[in-house]
Protein chains: 2
Amino acid sequence: MSTLNVALDIMGGDFGPSETVPAAVQALSLLPQLNLILVGNETSVTPLLRQHGLLNHPRVRFVHASQVVGMGDKPIVALRTLKDSSMRVVLDLVKSGAADACVSAGNTGALMAMAKCVLKSLPGVDRPALIKALPTVAGKRTVMLDLGANVSCDADTLLQFAVMGSVVAELVEGIASPRVALLNVGEEEIKGNDLVRHSAELLRQCPAIHFAGFIEGDCLFTGQADVIVCDGFVGNVALKTAEGVVRMMGQLAGYPRKKRSFLGLIAGFMLKRRFSYLNPDQYNGASLLGLRGIVVKSHGRAERRALSTAILLAAQEAKHQLPLQIADRLESVFSDRDL
Amino acid sequence: MSTLNVALDIMGGDFGPSETVPAAVQALSLLPQLNLILVGNETSVTPLLRQHGLLNHPRVRFVHASQVVGMGDKPIVALRTLKDSSMRVVLDLVKSGAADACVSAGNTGALMAMAKCVLKSLPGVDRPALIKALPTVAGKRTVMLDLGANVSCDADTLLQFAVMGSVVAELVEGIASPRVALLNVGEEEIKGNDLVRHSAELLRQCPAIHFAGFIEGDCLFTGQADVIVCDGFVGNVALKTAEGVVRMMGQLAGYPRKKRSFLGLIAGFMLKRRFSYLNPDQYNGASLLGLRGIVVKSHGRAERRALSTAILLAAQEAKHQLPLQIADRLESVFSDRDL
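Note that the structure is a prediction, hence the values are computed from the model and not measured.

Engineer: Just give me the short version of the side chain of B:Arg88, but keep the residues and values in it.
Structural biologist: Residues and elements named next belong to chain B. Within the secondary structure, Arg88 sits in helix α4 (residues 86-96). Taking relative accessible area as the criterion, Arg88 reaches 13% and is therefore assigned buried. In contact with Arg88, not counting residues within four places along its chain, are Leu79, Leu82, Lys83, Met114 and Val118.

Engineer: Tell me what's going on with helix α7 (residues 194-204) of chain A, and back it up with residues and numbers.
Structural biologist: Every buried residue belonging to α7(A) is among A:Leu195, A:Val196, A:Ser199, A:Ala200, A:Leu202 and A:Leu203, and all of these are buried. Summarising the axial view, the buried residues of α7(A) lie within an arc of 165°, below the 170-degree limit, and thus occupy one face.

Engineer: Describe the pattern of salt bridges, naming the residues involved and giving the relevant values.
Structural biologist: In total, this model carries 14 salt bridges over all chains according to the counting rule given. Residues A:Arg329 and A:Glu170 are paired through a salt bridge, measuring 2.9 Å at the closest nitrogen-oxygen approach. Taken as a pair, A:Arg329 in helix α11 (residues 322-338) and A:Glu170 in helix α6 (residues 155-171) lie far apart in primary sequence, 159 residues in all. Its salt-bridge partner being B:Arg88, residue B:Asp92 comes within 3.4 Å of it at the nearest N-O pair.

Engineer: Could you give me a rundown of empty space enclosed by the protein, with the residues and numbers involved?
Structural biologist: Tallying each qualifying case throughout the model produces six cavities of 30 Å³ or more. Taken as a whole, the largest cavity holds about 100 Å³ of empty space. Forming the boundary of the largest cavity are twelve residues, of which A:Phe221, A:Ala242, A:Glu243, A:Val246 and A:Tyr283 lie nearest the centre. Only β5 (129-134) and α8 (232-254) of chain A together with α8 (232-254) of chain B provide two or more residues apiece to the lining of the largest cavity. The dominant element in the lining of the largest cavity, judged by the number of residues it contributes, is α8(A), at four residues. A volume near 70 Å³ is recorded for the second largest cavity. Per element, the largest residue contribution to the lining of the second largest cavity is four residues, and it comes from α8(B).

Engineer: Please provide a residue-by-residue account of unusual backbone geometry, values included.
Structural biologist: Residues and elements named next belong to chain A. The peptide bond linking Leu145 to Asp146 adopts the cis configuration, its omega dihedral lying at 0°. Positionally, Asp146 belongs in the loop between β6 (142-145) and α6. Here Ser177, not a glycine, exhibits a phi torsion of approximately 45°, which is positive. Mapped onto the elements of the fold, Ser177 is located in the loop between α6 and β7 (179-183). Residue classification places Ser177 among the partly exposed positions, given a relative accessible area of 48%.

Cut-off values and rules
Throughout, residues of each chain are indexed from 1 in the direction in which the sequence is written. Here the convention is simple: chains get letters from A, ligands get numbers from 1, in the order in which they are written. Local features are withheld for residues below a pLDDT of 70 in this predicted model, meaning they are given only at 70 or higher, and side-chain atom pairs are given and counted only at 80 or more; totals for whole chains, interfaces and linings count all residues. The side-chain figures draw on all heavy atoms in the structure; neither hydrogens nor water molecules are used. What counts as a helix is a DSSP run of H or I of at least four residues, what counts as a strand is a run of E of at least two, and both are numbered from the N terminus. Type-normalised accessible area, obtained with a 1.4 Å probe on protein chains alone, sets the label of each residue: buried when under 20%, exposed when over 50%, and partly exposed for intermediate values. In this description, contact between two residues means that some pair of their heavy atoms is separated by no more than 4.5 Å. The arc in question is traced by the directions running from the helix axis to the C-beta atoms. The working definition used for a salt bridge is a side-chain nitrogen of Lys or Arg within 4 Å of a carboxyl oxygen of Asp or Glu. In this analysis the probe radius is 1.4 Å and the grid spacing 1 Å, with only protein atoms considered; a cavity is a set of points the probe fits into but cannot get out of, a pocket is an open set with protein on both sides within 12 Å along at least five of seven lines, and lining residues have an atom within 4 Å of a point. Grid points are joined across faces, edges and corners, and a volume is the space filled by probe spheres set on the points.

Shown next as structure tokens:
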């Protein structure tokens, strides 16, 4: 059984070590092949590591980093001045090969900027993309990209996203010949702006992609596509809109306007059970795809369970050697196109 | 008390006259100033009109239209060949002044194409926009535009949307000095694509607009803005995503995977009550703004209650003489800008 080495930025996220350290414990207990490299400030976290039995743990190594990237730090400033931050060090560990993947719940903009700079893009990738698996009513998950790494894209970029998304759906989600759909304002061919119409032409002509046409915003969670492709502006707005609606409904369900009634309590309980698989804990972790290394971004607000999901996702991507597989697929697709 | 004359396309929508006719009855009972001009196929609907007491109703007039626009008809074809359709006739009634506003639940693309052609844009409006009032957890509603009339926009167009949206928020929603936000992928000034950053500059320089900065997708329903402006591609995806999530949660709440338990029944009932104000019945009706007449599009799936909401919205816009007010505001804003 080969080991999977994941570097974890234990300083990142809204809650920092108080959640990342217990998340490490959970992830280790769930995946026997997992080895963790915990990166953070030694002085401040040693007591917590001791408390959780991670100080001399056979599958845990600790690496000190003197700096921390703040949630409000500008990406360009973080990139230039925080070279010994826990976020930067986990990326350096991936680059050197000491880690197979890394996870951070810190500042998204800084993580993307640092990851691109440290790890570089794979050949054939113009722009890395943020991808995430969404829960669907059909049971299987749908991966969606880009979720905000690129606010302006051209059709060639969306084609690359489609290829990369297909590889993730196959390897990580276990879906053979995944159906790829382009997010649009209607399903008919004539609908949409120049970008989606031009992208649809490219996808239709690409034999390596199972193109399933356009999909509308109300079908993101129906499971009718396995890969949903869009530019990062639209993807970010759509994903955040969905999160906002779920949160609003949770608020409405949990906090009746006057006072909590007995039936209200029952309804709240039932809701929690019924919607458990929409729980962000179950699908935390967006991956930055297209780099020469695996980078998983956890939600900043993630608590230990959700954080451990992100760590396991990184390990799974490492097990499948995702960057290598993506590079191979891109090479075969684009050499096909050149024929 | 002056009357408000609304023309209703009774053939439109997924259910046609079986829902539009009862909706007419409801709207008439709710608003004493309302007079309706019902437009449809005389032969097929006369029995239904008689059954609902609308045949010789003092506040109802019937106009025959020999054609119907189908949900699958292409806009350009409908525009050219369906000149005696119920959808076209309601627009003609608005143009001639016989009606103060019109309502259709039919084919959105055809309605937009016909409305633009028949009613023409107001001076100062490059492109009409679809606007809708969204429910928020704060109680007051937020209007959002464009929801799909224009899949590509420039910054000048978004500025016009902001002005038109402000007029709707003031007059229809009763909000003084409405806060206008641009939908973006982050709240910081540096975030977003060229379109939103350039639009933000224009909005900041426009004294007639209370510009509140950027807003993200997860804040559409929080009530932190009164007017949300975006291009029609992003707006359509965001609105449909929200609808899709609400529908998915409704499905999950209503249909447990195995069988419906007693607690499940209670939870379903509570959910329905708790979320009643998210019910599409309460906020059905998107308006096509920027034309020389009032056009309200009802959701195609709307039933009688929701349809009557759309009729009342049209009447309210007529009462406020919305096109006139928008024209005045645009004129004052753009003459200010030229100074």
